[in-house]
Amino acid sequence: AQSVAQPEDQVNVAEGNPLTVKCTYSVSGNPYLFWYVQYPNRGLQFLLKYITGDNLVKGSYGFEAEFNKSQTSFHLKKPSALVSDSALYFCAVRDTITGFQKLVFGTGTRLLVSP
Amino acid sequence: KAGVTQTPRYLIKTRGQQVTLSCSPISGHRSVSWYQQTPGQGLQFLFEYFSETQRNKGNFPGRFSGRQFSNSRSEMNVSTLELGDSALYLCASSEGGGPQETQYFGPGTRLLVL
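Residues numbered from 1 in each chain as written. Chains lettered and ligands numbered in written order. Predicted model: local features only at pLDDT ≥ 70, side-chain atom pairs only at ≥ 80, totals over all residues. Heavy atoms only, no water.

Peer 1: Help me understand the packing of aromatic side chains, please; the structure alone is not making it clear to me.
Peer 2: Given two aromatic rings, their pairing is described by the distance between the two centres and the angle made by the two planes. Evaluated as defined, the whole model comprises 16 aromatic pairs over all chains. Ring plane angle 25° and centroid distance 6.5 Å describe the contact between Phe 34 of chain A and Tyr 36 of chain A, whose orientation is recorded as stacked. Accessibility assignment for this pair places Phe 34 of chain A and Tyr 36 of chain A in one class, buried. Centroid distance Tyr 36 of chain A to Phe 105 of chain B: 5.2 Å. Interplanar angle 85°. Geometry classified as edge-to-face. Pair noted here: Tyr 36 of chain A is in strand β5 (residues 33-38) and Phe 105 of chain B is in strand β10 (residues 104-105), and the two residues belong to different chains. Comparing Tyr 36 of chain A with Phe 105 of chain B, the two get one shared label, buried. Through a chain of ring-to-ring contacts, the aromatic side chains of Phe 34, Tyr 36, Phe 46, Phe 90 and Phe 105 of chain A together with Tyr 35, Phe 45, Tyr 104 and Phe 105 of chain B assemble into a single cluster. The residue whose ring lies beneath Arg 55 of chain B is Phe 50 of chain B, and the NZ or CZ to ring-centre distance is 4.3 Å. (Phe/Tyr/Trp six-rings, centres within 6.5 Å; stacked < 30°, edge-to-face > 60°. Buried < 20%, exposed > 50% of the residue type's maximum accessible area, 1.4 Å probe, protein only. Helix = DSSP H or I, 4+ residues; strand = E, 2+ residues; numbered from the N terminus. Lys NZ or Arg CZ within 6 Å of the ring centre and 35° of its normal.)

In structure tokens:
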């Protein structure tokens, strides 16, 4: 079965420092990977996705993610964190076995950026 | 384009009642999916509709059902509500529903069952 793991419940970083939110995946076939962010009392906002091609994917709000096939990882990164980046981040993989649009989500990582 | 809209945003029901939630996808999007988000189970897929047909379903009891209309708007219904159905219900839409496409989420409907 397709699955993703987010090993850290929370990541703490000081404003201006680089941040990394980790994600590893397990899939059959080609991985279609996504990152979403959720602010309090809001839905999920799309940040970026990896479908094929360059291993470094650039997304919204200065975020990027690095796809590593050998390590089955898709870590989210940002060179310089902002306090406003504090939110809940979800990694997800498209379930290509059952097909169509179903996303399988990780458990989420809470990012806390301190001033 | 306007984003995905969901109504109502908040809802309080009692056990045994039924509830209907509504979702309007982004204009031109034909695929609509529903997810349930709870602190204990996280984000779980409920079902997906495309061109008025359910084409995928998650592991939820039959009390959870949905439908899609010809204008791509979708509704989900939960009958005989249980306390455990308290959750944030998220709707997401995509244009053609292909595996590489991005799903865009609405703000959700927060359901509280008392």
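Peer 1: Got a minute to help me understand the environment of Leu 114 of chain B in this structure?
Peer 2: Residue and element names in this part refer to chain B. Note that Leu 114 resides in the segment after β11 (109-113). Taking the C-alpha atoms as reference, Leu 114 lies 8.5 Å from Ser 86; in sequence the two are 28 residues apart. Not counting residues within four places of it along the chain, the set of residues in contact with Leu 114 comprises Ile 12, Lys 13, Thr 14, Arg 15 and Leu 83. (Contact = heavy atoms within 4.5 Å.)

Peer 1: Help me out: how do you make sense of the state of the cysteines in this one?
Peer 2: Note on terminology: disulfide describes a covalent bond linking the sulfur atoms of two cysteines. Residue and element names in this part refer to chain A. A complete count under the given rule lists 2 disulfides over all chains for this structure. The disulfide partner of Cys 23 is Cys 91, and the gap between their sulfur atoms is 2.0 Å. Given an S-S torsion of about -60°, the disulfide between Cys 23 and Cys 91 has left-handed geometry. Placement of Cys 23 in the loop between β3 (19-21) and β4 (24-26) and of Cys 91 in strand β10 (residues 87-94) is noted, with a sequence separation of 68 residues between them. For the pair formed by Cys 23 and Cys 91, the shared burial category is buried. (Disulfide = S-S within 2.5 Å.)

Peer 1: Would you mind showing me how to read the pattern of salt bridges here?
Peer 2: Between side chains of opposite charge, a pair can form when the charged atoms approach closely. Residue and element names in this part refer to chain B. Applying the stated rule across the entire model yields 8 salt bridges over all chains. Residue Arg 55 pairs with Glu 48 through a salt bridge whose shortest N-O separation is 2.8 Å. Given a relative accessible area of 22%, Arg 55 falls into the partly exposed group. Note that Arg 63 and Glu 82 form a salt bridge whose closest N and O atoms lie 3.6 Å from each other. Separated by 19 residues along the polypeptide, Arg 63 in the loop between β6 (53-57) and β7 (64-68) and Glu 82 in the loop between β8 (74-78) and β9 (87-94) bring together distant segments of the chain. Taking relative accessible area as the criterion, Glu 82 reaches 43% and is therefore assigned partly exposed. Bridged by salt links that share partners, the residues Arg 63, Glu 82 and Asp 85 form one connected network. (Salt bridge = Lys/Arg side-chain N within 4 Å of Asp/Glu carboxyl O.)

Peer 1: What is the right way to read a nonpolar patch on the surface from this model?
Peer 2: The grouping of Ile 12, Leu 112 and Leu 114 of chain B at the surface amounts to a nonpolar patch, some 300 Å² of accessible area in total. In this structure Leu 114 of chain B comes out as exposed when scored by relative accessible area, which is 52%. (Patch = residues over 30% accessible without salt bridge, like charges linked within 9 Å, V, L, I, M, F, W, Y side chains within 5 Å. Areas by Shrake-Rupley, 256 points an atom, 1.4 Å probe, with all protein chains shown as cover.)

Peer 1: Mind showing me how you'd approach the nonpolar core here?
Peer 2: The tendency in soluble globular proteins is for nonpolar side chains to be buried side by side. Judged by nonpolar contacts, the single largest core of 27 residues is most densely connected at Trp 35, Leu 47, Leu 48, Phe 74, Leu 76 and Tyr 89 of chain A. At the level of elements, β2 (10-14), β3, β5, β6 (44-50), β8 (64-68), β9 (73-78), β10 and β12 (109-114) of chain A are the ones that each hand at least two residues to this core. By size, the runner-up hydrophobic cluster in this structure holds 21 residues, among which are Leu 11, Cys 23, Val 32 and Phe 47 of chain B. (Core = buried A, V, L, I, M, F, W, Y, C linked by side-chain atoms within 4.5 Å.)

Peer 1: Looking at this structure, I do not really get the interface of chain B and chain A. What am I missing?
Peer 2: How big an interface is tends to be stated in terms of accessible area lost as the parts join. Of the residues lining the interface, 25 residues belong to chain B; the matching set on chain A comes to 20 residues. Both faces considered, chain B and chain A share a buried interface measuring about 1900 Å² in area, 53% of it formed by carbon and sulfur atoms. Between chain B and chain A we count 0 salt bridges in total. Put simply, chain B and chain A have 10 residue pairs in polar contact (both at pLDDT 80 or more) between them. Among the elements that make up the side of chain B that touches chain A, the one with the highest residue count is strand β4 (residues 31-38) of chain B (4 residues). For the side of chain B that touches chain A, the class distribution of residues is 9 nonpolar, 11 polar and 5 charged. (Buried area = accessible area lost by both parts, 1.4 Å probe. Polar contact = N/O pair within 3.5 Å; in protein donor to acceptor, adjacent residues only side chain to side chain. Nonpolar A, V, L, I, M, F, W, Y, C, P; charged D, E, K, R; others polar.)

Shape descriptors only; they carry no functional weight alone.
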